[in-house]
Amino acid sequence: MKGHIQQRGKTSWRLKFDAGRDEKTGKRKVQFETFRGSKRQAQTRLAELIAAVAQQKYVEPSKVTVAEYVRSRVDQWEQDGKITARTAQRYRQLVEHQIVPHIGARPVQKLTANDVEQWHTTLRTSGRVRGKGDLSARTIGHAHKVLSRALRNAVRFDVAAKNVAALEAAPKVDDDEMVIVQDVPALIERLRGHRLQALGMIGLLTGARLGEVLALRWGRVDLDRKVIEIREALEQTQKYGIRCKPPKSRAGRRDISMPDALVDALREYRKERQEISLKMGVGKLPDDALLFAKPDGQPRAPSSVSRSWGDAMGIGYHALRHTHASQLIDAGVDIVTISKRLGHAKPDITLRTYAHMFSKGDAKAAAAINTALATY
């Protein structure tokens, strides 16, 4: 494989080399690269390029920017069904708010690990929209995940030589970022008689996600068997509005056993809903009726319910899920059972999310890891 160096200036060199054959035409391809440095350095660079071509690691020059490429990948992932509309919407928010303003203009091929490190620093100090304040490590981690996934694709499709986001880890998420209800009995007492009691009790005592709870129908709540069947989740996106869809993974389709306290609360709630239905002249509640519907039977917007819950209780609804997991871990329940109850695709997802909760007892942590490994 041949190469040639031509001096263009005092410390400027034009590198010419054979880049193999064009797959479409079969003709030999000749590539050029401008290099600045000494002649010895230019010779070394030319040797690297020739070796990369020989090892099929050479990537042709491209001016596509990080913004252009990551946006196109999110569109492609959604089109291919690799991510849901809801996830695509969240990814686009991260792209436009956290990636594009800071490194979006950089060509993908010129992005470095140092750029990624500086990007993390910027997000930590002034990463909020319009630069008002810092971002949490968790949000930075989400943005980093999107960038890294896109760059993995760039390597796969010969747009970039390497995934520089994999060389620089995202900031570590502090344990205290995860909100856990410390006094569960007090919260239950606070919920007693509240309009959000049933909604809160389900989240607290089953660990179900808000979208899953809002998609629950009475035909999926067996108060005699004490089981809730999760078969749908409510999704709210700008593209599709509010709609019910299957859980995002096979593991999300699950049956969750209910403690007596939740069964009692739901019996009372069903009685209340039935009385309201009769007063409105609708008749008996049908099995396909949503537990938490609007007066006209239509689903409630998750964003609106989330705000109402936060305003009334002072914590996010997702904190109930974390609290439920914390209680199970503290009680010594094995990690596989916890993972299935939460609807995680694999036990290692549960371990990564809640690993710090096992620090109170190494024996529990070791047992959980042994159980998880035994499933593979």
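Our subject is the structure listed above.
Residues numbered from 1 in each chain as written. Predicted model: local features only at pLDDT ≥ 70, side-chain atom pairs only at ≥ 80, totals over all residues. Heavy atoms only, no water.

Chemist: What should I look at first to understand the overall build of the chain in this one?
Modeler: Across its full length, the chain carries 14 helices and eight strands. Here the C-alpha atoms of the chain give a radius of gyration of 27 Å, more than 25% beyond the 21 Å that 2.2 N^0.38 yields for 376 residues. Its C-alpha atoms give the chain principal-axis dimensions of roughly 90 × 50 × 45 Å. The 376 residues of the chain split such that 41% are buried. The long-range share in the chain, meaning contacts at least 24 apart out of those at least 6 apart in sequence, stands at 62%. A total accessible area of about 21,400 Å² is found for the chain, and carbon and sulfur atoms account for 48% of it. Computing the positive centroid from 67 side-chain charges and the negative centroid from 42, the chain places the two 8 Å apart. (Helix = DSSP H or I, 4+ residues; strand = E, 2+ residues; numbered from the N terminus. Rg over C-alpha atoms; globule rule 2.2 N^0.38 Å. Buried < 20%, exposed > 50% of the residue type's maximum accessible area, 1.4 Å probe, protein only. Contact = heavy atoms within 4.5 Å. Areas by Shrake-Rupley, 256 points an atom, 1.4 Å probe, with all protein chains shown as cover. Lys, Arg positive; Asp, Glu negative; His and termini not counted. Charge placed at Lys NZ, Arg CZ, Asp CG, Glu CD.)

Chemist: Hey, could you run me through the sheet that holds strand S1 (residues 3-7) in this one?
Modeler: Backbone-to-backbone hydrogen bonds join strands into a sheet, with any given pair of strands oriented parallel or antiparallel. Reading across from one edge, S1-S2-S3 is the order of the three strands in this open sheet, with antiparallel pairing throughout. Both edges of this open sheet fall to S1 and strand S3 (28-36), since each of them pairs with a single strand only. In this sheet, neighbouring strand axes are inclined to one another by 20° on average, regardless of whether the strands run parallel or antiparallel. (Pairing = 2+ DSSP bridges. Axes fitted to C-alpha atoms, helices over the stretch in contact; angles between N-to-C directions.)

Chemist: I keep staring at the packing of helix H11 (residues 318-330) against helix H12 (residues 335-342) and nothing clicks. Help me out?
Modeler: Axis angle and axis distance: for two packed helices, these are the angle between their axes and the distance between the axes, and together they describe the pair. Between H11 and H12, the least distance of the axes is 10 Å, while the angle of their chain directions is 160°. Classified by the interaxial angle, the pair formed by H11 and H12 is roughly antiparallel. For the crossing formed where H11 meets H12, the hand is right-handed. Counting all contacts with H11, which are made through Arg321, His324, Ala325, Leu328 and Ile329, the residues of H12 involved are Ile338, Arg341 and Leu342. Along the lines of polarity and charge, the residues of the contact of H11 with H12 split into five nonpolar, one polar and two charged. (Parallel < 35°, antiparallel > 145°, perpendicular 65-115°, else oblique. Left-handed = near helix turned anticlockwise from the far one by under 90°. Nonpolar A, V, L, I, M, F, W, Y, C, P; charged D, E, K, R; others polar.)

Chemist: Looking at this model, I keep getting lost on the packing of aromatic side chains. Mind explaining?
Modeler: Aromatic ring pairs are described here by two measures, namely the spacing of the ring centres and the angle between the planes. Counted by the stated rule, this structure contains four aromatic pairs. Between the aromatic rings of Trp309 and Tyr317, the centroid separation amounts to 5.4 Å while the plane-to-plane angle is 80°, which identifies the pairing as edge-to-face. Cluster of aromatic residues (ring-pair linked, three or more members): Trp218, Tyr269 and Phe292. Above the ring of Trp77, the side-chain terminus of Arg149 is found at 4.3 Å from the ring centroid. (Phe/Tyr/Trp six-rings, centres within 6.5 Å; stacked < 30°, edge-to-face > 60°. Lys NZ or Arg CZ within 6 Å of the ring centre and 35° of its normal.)

Chemist: Explain the pairing of strand S5 (residues 227-230) here, please?
Modeler: Regular strands place their side chains on alternate faces of the sheet. Burial along S5 is two-sided: Val227 and Glu229 and Ile228 and Ile230, pointing in opposite directions, are all buried. Once strand S4 (residues 221-222) ends, the chain turns through four residues before running back antiparallel as S5, passing Lys226 with a positive phi of about 65°. Across four bridges, S5 lies against strand S8 (residues 254-257) in antiparallel orientation. What sits directly across from Ile228, in S8, is Ile256.

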